[in-house]
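If you want the building blocks of each chain, they are given just below.
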Amino acid sequence: MTPSWNPADWVLRLASRLLYGLVRTQVFPSDAEALGLDPALPVCYVLQHRLFSNYLVLAEEARRAGLPSPRAPLAVGALHADRSFFFLTRPQPFDAAARERYRHSPLLSGIAGAVLADPDTDVQIVPVTILWGRAPDKQNSLVKALFAETWRPATHLRQAFSVLLHGRHTLVRFGAPLCAREVVAPCASEAQAARKLSRLLRVHFRRQRETAIGPDLSHRNTQIHALLGAPGVRAAIEAEAAAAGISAHEATARARRHAIEIASDYTYGVVRAFDIFLNWLWNRLYDGIEVDGFDHVTDIPAGSGIVYVPCHRSHVDYLLLSFVVFHRGMMPPHIAAGANLDLPILGPLLRRGGAFFLRRKFKGDALYAAVFDEYLHRMLSRGFPIEYFVEGGRSRSGRTLPPKTGLLGMTVRSFVRSHDRPLFFVPVYVGYEKLVEGESFTRELAGKPKQSESLWGLIGTARALRRDFGKVHLNFGRPLELGAFLDAVYPAWTGDMRDDLLRAVTRGVAKEIVERINEAAVVNSMNLVALALLASPKHTLDEATLHRMLGHYQALLVGARYGECTKTCTRAAADIVADALRLGVIENIAHPLGDLWRAPEAQAALLAYFRNNVLHLFALPALVACLLSRNPRLPRRRIETVIVGLYGLLRPELFLRWPAAEVPQVLDAILDVMATRGLLAVVGDDMLAAPEPASAEAAELQLLGETMRPSLERYFLTLSLLQRHGSGRLTRQGLEQASHLLAQRLALLYEFNAPEFSERALFAGVIANMAAAGLIREDTSGVLHFDAAVTAPAEHAELLLTAEVRQTIRRIAESDGSVVAAKEPAERLSEPR
């Protein structure tokens, strides 16, 4: 009799032939007899994921090895099935409830029930692992790394790409058979037996995958469901349901959507693809990446939690830091990214690279805040490395911005809640010689609105690949152990910490972190050239003076070193100038009396950015230079008094590292260097004198002092406005706005392309620093009050600024009546004094 023709068999054979045109397999064990199958018992194969290509490979490899076919019918006691295989995982939505996540294959349940029902029956269950391609770290192709094996179940589209790209490197592993009778014999019910079989098979597949591609690091797979069950989140869900008048199920769905919006989806294949791509990108953009201080990270005890807290100069920062950490054999950190970066294409890639997303503001959404707080706590308590920017956003001026305490406060609260493992903050300074976003920063400082991030904007940055951006420097500073810090400032911290105390402690941690970031500053060629040229009236210097100024800065960095982690530039002056010329930020003017070097007007604002990167390193030398330039002879003690008097204002603005009591000792080292360089002379025991007025050193002393002039002018302008109107006449917002607008006017009239001079955020900082120093206080209605103490820093500023500058600022301040009147109630204004 002719056998019947089965169309399904014909389709499967055709599909198998087509697939094996692309596939080459490596099978383990190579000898089927090594499996030890009992020919008297039926065999049932198990595949982990429901993929047609996996089934075709199983069928073909079983045929080649002479094993029973998975297409053959299966008879186990009362169970009769038309096939001898099943898929362990079942299709399910991502937000499936807990009871739905481990649904069993009907065939698995049937086998469990049949073996339990008939003591004389048994079946050999053979798990088969099929991996497409090598692990991502073995891939050298960006595309292949993206489609290498991961812990995430593959979609049909992704699997098609995996077959095309990795088909010739397919691994098939037949596992040792499980004796169903031995597994289910102790079980009391079919459901219990099915759960036990399923659990054993899941463990087997997990171990096989871990061996091949490493552990599962995906938070999305391992944390979201547990996150929603946390007591704090459950309480927030109940509160949300009550406040919004919705069911608990709807409130839970909202919390789940928040968790999905927040959570990273760490995928090693994507991390490896990023590594390949970034390696290519850095070679296109930069002349090199120089890394210092990484031993600070490797010296952290194993098992400790790490939070990387870099300064924020560019969107390149977090990519660069992760790249460096990954290349030094450590797990790249999970990065806190703003929701504005969760763009099409880019957002999913960043998420799979370890980014988790947060909204700029949590206010008004207690449920979102609770979910995010719990998510961060779970990552920290499990020891996953984290990265976020304490400054919040990117610095447009090049200064280290005042720290934001939102994420930092959550981190401190998490540690107080659970401190089983030590937690270290690792400050990281990132220094560029040229910024990818430089042009947009200068536009924003000039008053143009900030451009929102978009996919088209991202594509537009591809033009930067044709430019040269010099070198990048990463310096890992001294880690801050949170537990030790809390022990020092509040020994009773291990109990519950009040909210007001938590805020105070967080501010202390934030201050310490930004000071350590500044201590880890790396001085490069651009910083030094910017310091020198921007100090001159027209941003132009002759070559000899420029070289000498560069030498002065280098000598101060070496002889009066700012901190143990600070890195200086040791290149020769001619090489430093050549670097700046190559990067297009300065130009040479040939002249019969000697070459001149100039910063073109279009580059001045950008150079100010690089000057501000290292302004804190030269703040005290510049104050000394200001004093001696304006007052040719001053006692050493008078210089100390003036600088210590202003230090309380400048320290929080520039995040200087020394307590006020250490400033005199620091000044001793600075004065010694300046004397050695001929920038001052010591007369007698206590008198310091400026160089002769006609000497080159006198001009250079004045150039050194110009570094701090903009900061001093901002303080003098703000103090002049306060004194003009009197106590109780201005609000903080009114003073900030008036100072900002008047500085803008002053810059337009007298400065040479310096938009950052009038940046409103700087004046907000000036006013905050004055309040912190106790010079002004704000009442409950927001009005500022002060007493005679405010005159002391004004008098000190008069010693540091020329008479012309002081008169100009006072004249500008006198013309502010209409500006302030537009912002202040009429009854708060006084007549000009």
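Residues numbered from 1 in each chain as written. Predicted model: local features only at pLDDT ≥ 70, side-chain atom pairs only at ≥ 80, totals over all residues. Heavy atoms only, no water.

1. Notes on the overall build of the protein chain
Note the cut-off: Helix and strand definitions follow DSSP, with helices as H or I runs of at least four residues and strands as E runs of at least two, each counted in order from the N terminus. Only protein chains enter the area calculation, which uses a 1.4 Å probe; residues under 20% of their type maximum are buried, those over 50% are exposed, and those in between are partly exposed. Throughout, a contact is declared for two residues whenever any of their heavy atoms are within 4.5 Å. Using a 1.4 Å probe, the Shrake-Rupley method yields the accessible areas, and only the shown protein chains count as cover for residues.
On a plain count of helices and strands, the protein chain comes out with 35 helices and 24 strands. Among the 833 residues that make up the protein chain, the fraction classed as buried is 52%. Intrachain contacts of the protein chain at a sequence separation of at least 6 include 77% that bridge at least 24 residues. Summed over its atoms, the accessible surface of the protein chain is roughly 36,600 Å², and 54% of this surface lies on carbon and sulfur atoms.

2. A word on the nonpolar core
Short version of the rule: Put simply, a nonpolar core is a bunch of buried Ala, Val, Leu, Ile, Met, Phe, Trp, Tyr and Cys residues held in one set by side-chain atoms that sit within 4.5 Å of each other.
Counting residues in each nonpolar core, the largest one holds 194 residues, and the members touching the most others are Tyr388, Phe425, Phe476, Val509, Leu620, Met674 and Met770. Sequence-distant contacts of Phe476, that is, excluding residues within four places in its chain, are made with Val291, Asp292, Gly293, Phe294, His296, Val297, Tyr308, Leu321, Val324, Val426, Pro427 and Val428. Counting 25 residues, the second-largest nonpolar core is a separate cluster that includes Leu88, Val123, Ala194 and Leu197.

3. Some points on helix α26 (residues 619-630)
The test is simple: Between the first and last residue of a helix there are one fewer steps than residues, each counted as 1.5 Å, and that sum is the expected span.
Helix length check: α26, at twelve residues, gives a terminal C-alpha distance of 17 Å against a target of 16 Å (1.5 Å per residue), a fit within 8%. Among the twelve residues in α26, ten count as buried, and that is most of the element.

4. Remarks on unusual backbone geometry
Among all residues except glycine, the phi angle is most often negative; among peptide bonds, the trans geometry is most common. Here the residue pair Phe28 and Pro29 is connected by a cis peptide bond, since its omega of -10 degrees sits within 30 degrees of zero. Along the chain, the position of Pro29 falls in the loop between β1 (25-28) and β2 (43-47). Although it is not a glycine, Phe655 sits at a positive phi angle of roughly 55 degrees. Structurally, Phe655 can be placed in the loop between α27 (636-654) and α28 (663-676). Note on Phe655: relative accessible area 8%, which makes it buried.

5. Some points on the sheet that holds strand β21 (residues 681-683)
Formally: Two strands qualify as a pair provided that DSSP identifies no fewer than 2 bridges between them. Axis definition: a line fitted to C-alpha atoms, limited for helices to the stretch in contact. Angles are taken between N-to-C directions and run from 0 to 180 degrees.
Across the sheet, which stays open at both edges, the three strands sit in the order β20-β22-β21 with antiparallel pairing between neighbours. Each edge of the sheet is formed by a strand with only one pairing partner; in this case those strands are β20 (633-635) and β21. On average, adjacent strands in this sheet sit at an angle of 30 degrees to one another, irrespective of strand direction. For β21 and strand β22 (residues 687-689), the ladder comprises three bridges, and the chain directions are antiparallel. Bridging from a neighbouring strand, Ala681 pairs with Ala689 of β22.

6. Focus on the packing of α27 against α28
For clarity, the cut-off: Under this scheme an angle from 65 to 115 degrees is roughly perpendicular, one under 35 degrees roughly parallel, and one over 145 degrees roughly antiparallel; angles in between are oblique. Should the near helix be turned anticlockwise from the far one by less than a right angle, the crossing is termed left-handed; should it be turned clockwise, right-handed. When residue character is reported, Ala, Val, Leu, Ile, Met, Phe, Trp, Tyr, Cys and Pro are called nonpolar, Asp, Glu, Lys and Arg charged, and the others, Gly included, polar.
Relative to each other, α27 and α28 sit at 125 degrees, their axes nearing to 10 Å. As far as their axial angle goes, α28 and α27 are oblique. Here the hand of the crossing between α27 and α28 comes out right-handed. Only Val663, Pro664, Leu667, Asp668 and Leu671 of α28 make contact with α27, whose side of the interface consists of Arg636, Glu640, Ile643, Val644 and Tyr647. Considered class by class, the residues forming the contact of α27 with α28 number seven nonpolar, no polar and three charged.

7. Some points on the confidence of the model for the protein chain
The line we're drawing: Confidence scores labelled pLDDT are given residue by residue by the predictor and lie between 0 and 100.
For the protein chain, the mean per-residue pLDDT works out to 86, and 88% of the residues sit at or above 70. Overall, residues 1-5 carries pLDDT values under 50, and its contacts beyond four positions in sequence, including any with other chains, amount to one contact. Low confidence marks residues 94-99, where pLDDT is under 50. Its contacts with residues over four positions away, or in another chain, come to seven contacts.

8. A look at the packing of α27 against helix α33 (residues 791-800)
Across the interface, α27 lies against α33 with an axial gap of 10 Å and an inter-helix angle of 120 degrees. The angle between α27 and α33 places the two elements in the oblique class. Like other packed secondary-structure pairs, α27 and α33 cross with a definite hand, here left-handed. Note on element contacts: α33 touches α27 through Pro793, His796, Leu799 and Leu800, opposite Arg638, Thr641, Val642, Gly645, Leu646 and Leu649.

9. With respect to the environment of Arg571
Using the following cut-off: Counting of polar contacts relies on pairs of N or O atoms within 3.5 Å, with two restrictions inside protein: one atom must be capable of donating a hydrogen and the other of accepting it, and residues adjacent in sequence are counted only when both atoms are side-chain atoms.
Looking at the secondary structure, you find Arg571 in the loop between α23 (543-559) and α24 (573-582). Take Arg571: its relative accessible area is 39%, and that puts it in the partly exposed class. Through-space distance from the C-alpha of Arg571 to that of Gln554 is 9.3 Å; in sequence the pair is 17 residues apart. Within polar-contact distance, the side chain of Arg571 engages the side chain of Asp579 at 2.9 Å.

10. Observations concerning the pattern of salt bridges
The condition that has to hold: Put simply, a salt bridge is a Lys or Arg side-chain nitrogen that is within 4 Å of an Asp or Glu carboxyl oxygen.
On inspection of all chains with the given rule, the structure shows 31 salt bridges. Residue Glu60 is joined to Arg64 by a salt bridge in which the shortest nitrogen-to-oxygen separation is 2.9 Å. Here Glu60 pairs with Arg64, and both are found in helix α2 (residues 52-65), just four residues apart, close to one helical turn. Its relative accessible area of 12% is what places Glu60 among the buried residues. Its salt-bridge partner being Arg399, residue Glu653 comes within 3.1 Å of it at the nearest N-O pair. Remark: Arg399 occurs in the loop between β13 (386-387) and α17 (406-417) and Glu653 occurs in helix α27; sequence separation between them is 254 residues. The burial state of Glu653 is the same as that of Arg399; both residues are buried. Each member of the salt-bridge network shares a partner with another, and the members are Asp287, Asp468, Arg571, Asp579 and Arg582.

11. Points about the sheet that holds strand β19 (residues 596-598)
Spatial ordering of the open sheet is given by β17-β19-β18, a layout of three strands whose pairing is antiparallel. Each end of this open sheet is capped by a strand with a single partner; those strands are β17 (540-542) and β18 (587-589). Pairs of neighbouring strands in the sheet enclose a mean axial angle of 25 degrees, with direction left out of account. As judged from the three bridges shared by β18 and β19, these two strands associate in the antiparallel manner. Residue pairing in the sheet places Asn588 in a bridge with Trp597 of β19.

12. Observations concerning the pairing of strand β15 (residues 471-476)
A large share of β15 lies buried, amounting to five of its six residues. Relative to β15, strand β9 (residues 288-292) runs parallel, the two being bridged by five bridges. Across the sheet, Gly288 pairs through a bridge with Lys471, a residue of β15. Where strand β14 (residues 423-432) meets β15, five bridges bridge the pair, whose relative direction is antiparallel. Within β15, the position partnered with Val430 by the bridge is Leu474.

13. Some thoughts on the side chain of Asn613
In this structure, Asn613 sits in helix α25 (residues 601-613). Excluding anything up to four places from it in sequence, Asn613 contacts Arg313, Gly398, Tyr429 and Asn527.

14. Re the packing of aromatic side chains
The condition is simple: For this analysis, a ring pair means two rings from Phe, Tyr or Trp (six-membered ring only for Trp) whose centres lie within 6.5 Å, classed as stacked if their planes differ by under 30 degrees, edge-to-face if by over 60, and tilted for the remaining angles. Only Lys NZ and Arg CZ are tested; either one counts as a charge over a ring when it is within 6 Å of the ring centre and within 35 degrees of the ring normal.
Counted according to the given criterion, the structure contains 19 aromatic pairs. Ring centres 5.6 Å apart and planes at 70 degrees place the aromatic pair Tyr609 and Phe610 in the edge-to-face group. Residue class for Tyr609 comes out buried when judged on its relative accessible area of 3%. Counting every residue linked through ring pairs, the aromatic cluster contains Trp282, Tyr286, Phe323, Tyr432 and Phe469. If you follow Arg328 out to its NZ or CZ, it ends over the ring of Phe294, 5.7 Å from the centre. The side chain of Arg359 reaches across the aromatic face of Tyr368, ending 4.0 Å from its centre.

15. A look at helix α10 (residues 231-244)
For α10, built from 14 residues, the straight-helix expectation of 20 Å at 1.5 Å per residue is met to within 8% by its first-to-last C-alpha distance of 20 Å. Residues of α10 that are buried in the fold lie against α9 (224-228), α11 (248-262) and α16 (366-381). Count one or two residues on from α10 and you reach Gly245, which has phi positive near 65 degrees.

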